[in-house]
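# Coordinate analysis (summary)
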Number of protein chains: 2
Amino acid sequence: MPVNLSAPTSTSLLPIAGIEIGIASAGIKTVGKQDLVLIKIAEASATAAVYTKNAFCAAPVTLAKQHQQQTSAQYLLINSGNANAGTGERGMQAAQACCQAVAEATNSEANTVLPFSTGVIGQQLPVDKMVQAIPQAAQNLSSDNWFDAAHAIMTTDTIAKAISKQIELDGKTVTVTGMAKGSGMIRPDMATMLSYIATDAAIDQSVLDMMLQQAVEQSFNRITVDGDTSTNDACVLMATGHAGNQLIIDINDASAQQLYTLIAQISQQLAHAIVRDGEGATKFIAIEVEQGLDSEECRKVAYTIAHSPLVKTALFASDPNWGRILAAVGRSGISEFDLSKVAIYLDDVCIVKNGEPAITYTEEQGQQVMDQEEITIRVELGRGQAQDTVWTCDFSYDYVKINAEYRT
Amino acid sequence: MPVNLSAPTSTSLLPIAGIEIGIASAGIKTVGKQDLVLIKIAEASATAAVYTKNAFCAAPVTLAKQHQQQTSAQYLLINSGNANAGTGERGMQAAQACCQAVAEATNSEANTVLPFSTGVIGQQLPVDKMVQAIPQAAQNLSSDNWFDAAHAIMTTDTIAKAISKQIELDGKTVTVTGMAKGSGMIRPDMATMLSYIATDAAIDQSVLDMMLQQAVEQSFNRITVDGDTSTNDACVLMATGHAGNQLIIDINDASAQQLYTLIAQISQQLAHAIVRDGEGATKFIAIEVEQGLDSEECRKVAYTIAHSPLVKTALFASDPNWGRILAAVGRSGISEFDLSKVAIYLDDVCIVKNGEPAITYTEEQGQQVMDQEEITIRVELGRGQAQDTVWTCDFSYDYVKINAEYRT
């Protein structure tokens, strides 16, 4: 059960002029499941993408990067059920064959197709099934398929993740719609598992690139479920320009900032949705680290807490065993760390002040916060002005169950 | 159930001339349980100790370090059930009061006592109970109490961990006996939870310090259960000189090397015992990383694999889902990493060669290795001559259960 997260409805997701989506069932893992998505991007659109930093990145990630350097993207091809990662040269040939199949079905060039895969690592992609299903997806391209697409890209996700928002720019209505998938192997180092966000606004390529980088830094690059950076992370932002607004060429313009705020909100909501639907999650945790020398050391402390199995199991048990938080802060590797300036809070309840247990703290106060489904752990380092926030979930029996039984 | 680990017997643990041990029940967590150990070290002995690098180290750790700088240790006082960590100034006063109680019961000085605590973090030490039990421990000091002591220091351990070995030096029989405790919050960064090793050999202080540092580097500092470095780690090595061998003053002497080998073996066996009895462990895993530029990058790769919840749950499920190992290697942060030189093995089964899935690999081969209780994951980086090894266990339902219910 995801933590305080409702599924999108088909009417809540607004189409984006210039974006068409086709869906098919290739039967990669489960016969009959819709598992293949083809996104058509109108000509003259701008497309930005960021990818995993995992050195063992998947074949489709390598190929998508190559294609993006050669020409502008016209199609995104996404499959769930198989990550085509750790598959070597044969995996690369499989990804190429899929792009070629899209090119033939749509009368375009193979290098205008960006491929994305998600699912089991280390098994060869069933190319024949993909190639057979691709023409079907090309035939049902429609601007209304966001809802089905958000479902088709799911793997261990228990709920679809997608959202739409609108604003006025230059008297024109501009729409942004985004979707994401992800639940386990989540510690994005560039972008999360898979996320696709599109707008009909007109945005210059360099501004679009900047917007995506910034939005990802404050959303997908600040979440973790289990600390495991995926081989297949990718996040794509598309801008078709069909809304008719004036082309955005400076990120500091008022209209650019308005639109960026919208994109950043959608990125953050999608990133949070991944944590809320994290494998086995029963709680949604924000870890805010403040008063650091720089944001890097704030993140170091935040991720040490977020990855501690002891903190995560205490959160699952609603046990205010704050000694585990203190131990995690202490081992996070901050240099010349003056503990006498450290304070730690559970929501507004102070548990450590000046490096000492707070005299005002009672176990009842701690218990009250820990019983909640949403908890903020706040750490003040007392060293400077920097701050950063990381979002994570707890660690339950179901995490072990899901991951022990994943391939069975 | 610990993995391939038998409990010591009372006759298997050999006394060390010059070391006496007293035991008592302070009833810190459970009424009637023996939870207090007093070790008396004969005069003119040498004692070396290493402690946790966790910045939030416990009050007894801070006090033990201070006392060690002031004079040579005559007593070690150890309690289980309460870590006296995260307890601030009051915790420091509690540790001092306990040392004072030992001084009074034994007619010695408080600063000759090194205090050690292990158990729940963040709760005040019940000083009265300790002070009441200390004279009792002082009264039953005996050289035969290693077996009871190994049990008294346990917390979530399911089995006692202790071992004895002997060699001949200068025609004299020299004995080494060691004990350790630890099961969770295990990722020692200097030494493990608690370990005490004693010998009746005569060893110069500076050589003893070196021996301990080296032995710890290849044992306690190479294990991890959950990545959580404890606030209370400590490892102590005592040498009484009662065996009558010639004083060892050069670590490179043949006799020094013989003795060091013994101490290193005991350290490694005790460290392995902690992993074999790791919380919820069902498997014992060695992670060997070879052909690195330096041993630091080998450890980086090894610990990334060892801490991956996805790898650990796959090991628990005996699932040869090696894609998770590959993903962990890929995210370990090695700079300028040439994947085409990487090979990965499960025991002798090659799963990745030249960065590609090995063509010889079959799922049956992988399954056969994963079904074992002891597994070696070996990674060749193809960059240099360095190598390092880390030992860990898997991640089971019971880990979550033990840590969700720890304080209830």
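Scroll up for the structure.
Within any chain, residue numbers begin from 1 and follow the written order of that chain's sequence. To read the labels, note that chains go from A and ligands from 1, taken in the order they are written. Only residues with pLDDT of at least 70 are given local features in this predicted model, and only at 80 or more are side-chain atom pairs given and counted; all residues enter the totals for whole chains, interfaces and linings. As a rule here, side-chain values come from all non-hydrogen atoms in the structure, and water together with hydrogens is ignored.

## Concerning the interface of chain B and chain A
The contact criterion used is simple: two residues touch if any of their non-hydrogen atoms lie within 4.5 Å. The interface of chain B with chain A comprises 52 residues on the first partner and 51 residues on the second. Summed over both partners, the accessible area lost on bringing two parts together, with a 1.4 Å probe, is the buried area. Taken together, the two surfaces of chain B and chain A that pack against each other cover about 4500 Å², and 63% of this comes from carbon and sulfur. What counts as a salt bridge is simple: a side-chain nitrogen of Lys or Arg found within 4 Å of a carboxyl oxygen of Asp or Glu. At the surface where chain B touches chain A, the tally comes to zero salt bridges. Here a polar contact is taken to be a pair of N or O atoms separated by no more than 3.5 Å, where protein atoms must pair a possible hydrogen donor with a possible acceptor and residues adjacent in sequence count only if both atoms sit in side chains. Where chain B touches chain A, the interface holds six residue pairs in polar contact (both at pLDDT 80 or more). A helix here means a DSSP run of H or I that spans at least four residues, while a strand means a run of E at least two residues long, and both kinds are numbered starting from the N terminus. Those elements that place two or more of their residues in the side of chain B that touches chain A are helix 2 (88–106), helix 8 (309–316), helix 9 (323–330), strand 14 (356–357) and helix 11 (397–404) of chain B. When grouped by side-chain class, the residues that make up the side of chain B that touches chain A number 23 nonpolar, 17 polar and twelve charged. All residues other than Ala, Val, Leu, Ile, Met, Phe, Trp, Tyr, Cys, Pro, Asp, Glu, Lys and Arg, Gly among them, are scored as polar; the first ten of these are nonpolar and the last four charged.

## Re the pairing of strand 1 (residues 19–24) of chain A
Residue and element names in this part refer to chain A. Only protein chains enter the accessibility calculation, which uses a 1.4 Å probe; a residue is then buried when its area is under 20% of its type maximum, exposed when over 50%, and partly exposed in between. Where burial is concerned, most of strand 1 is hidden: five out of the six residues are buried. With six bridges joining them, strand 1 and strand 2 (residues 36–41) adopt antiparallel strand pairing. Counted as the bridge partner of A24 is L36 from strand 2. Two strands form a pair only when DSSP identifies at least two bridges running between them.

## Here we look at the state of the cysteines
Pairs of cysteine sulfur atoms within 2.5 Å are identified as disulfides in what follows. Enumeration according to the criterion identifies zero disulfides over all chains in this entry. For C99(A), which is in no disulfide, the shortest distance to another cysteine sulfur is to C98(A) and amounts to 6.9 Å.

## Brief notes about the relation of the copies chain B and chain A
Copy-to-copy superposition: least squares on the C-alpha atoms, limited to residues that have pLDDT of at least 70 in both copies. It takes a turn of 180° to lay chain B on chain A, together with a shift of 0.0 Å along the axis; the resulting RMSD is 0.0 Å. This pairing of chains is accounted for by a two-fold axis. Taking C-alpha positions as the reference, the residue of chain B nearest the rotation axis is Y397(B), at 2.9 Å. The share of interface residues of chain B whose copies in chain A are also at the interface is 98%, consistent with both copies meeting through the same surface.

## Quick word on helix 1 (residues 59–70) of chain A
Residue and element names in this part refer to chain A. Expected helix span is taken as 1.5 Å per residue step, with the number of steps being one fewer than the number of residues. Taking 1.5 Å of rise per residue, the twelve residues of helix 1 would be expected to cover 16 Å, and the 17 Å separating its terminal C-alpha atoms lies within 8% of that figure. All of the buried residues along helix 1 are A59, P60, V61, L63, A64 and H67. In this fold, the buried residues of helix 1 make contact with strand 3 (46–51), helix 2 (88–106) and strand 5 (113–120).

## Overview of the packing of aromatic side chains
Two aromatic rings, drawn from Phe, Tyr or Trp (for Trp, its six-membered ring), form a pair once their centres lie within 6.5 Å of each other, and the interplanar angle then sorts them: stacked below 30 degrees, edge-to-face above 60, tilted otherwise. As enumerated under the stated definition, the model contains eleven aromatic pairs over all chains in all. On the basis of an interplanar angle of 85° and a centroid distance of 4.7 Å, the ring pair of F395(A) and Y399(A) is categorised as edge-to-face. What makes Y399(A) buried here is its relative accessible area of 1%. Their ring planes at 10° and their centres at 6.5 Å tell us that Y51(B) and F116(B) sit as a pair that is stacked. In this pair, Y51(B) is assigned in strand 3 (residues 46–51) and F116(B) in strand 5 (residues 113–120), connecting sequence segments 65 residues apart. In this structure, Y51(B) and F116(B) share a single accessibility class: buried. In this structure, R276(B) packs its charged tip against the face of F284(B), placed 3.9 Å from the ring centre. Remark: a charge is flagged as sitting over a ring if the NZ atom of Lys or the CZ atom of Arg is within 6 Å of the ring centre and within 35 degrees of the ring normal.

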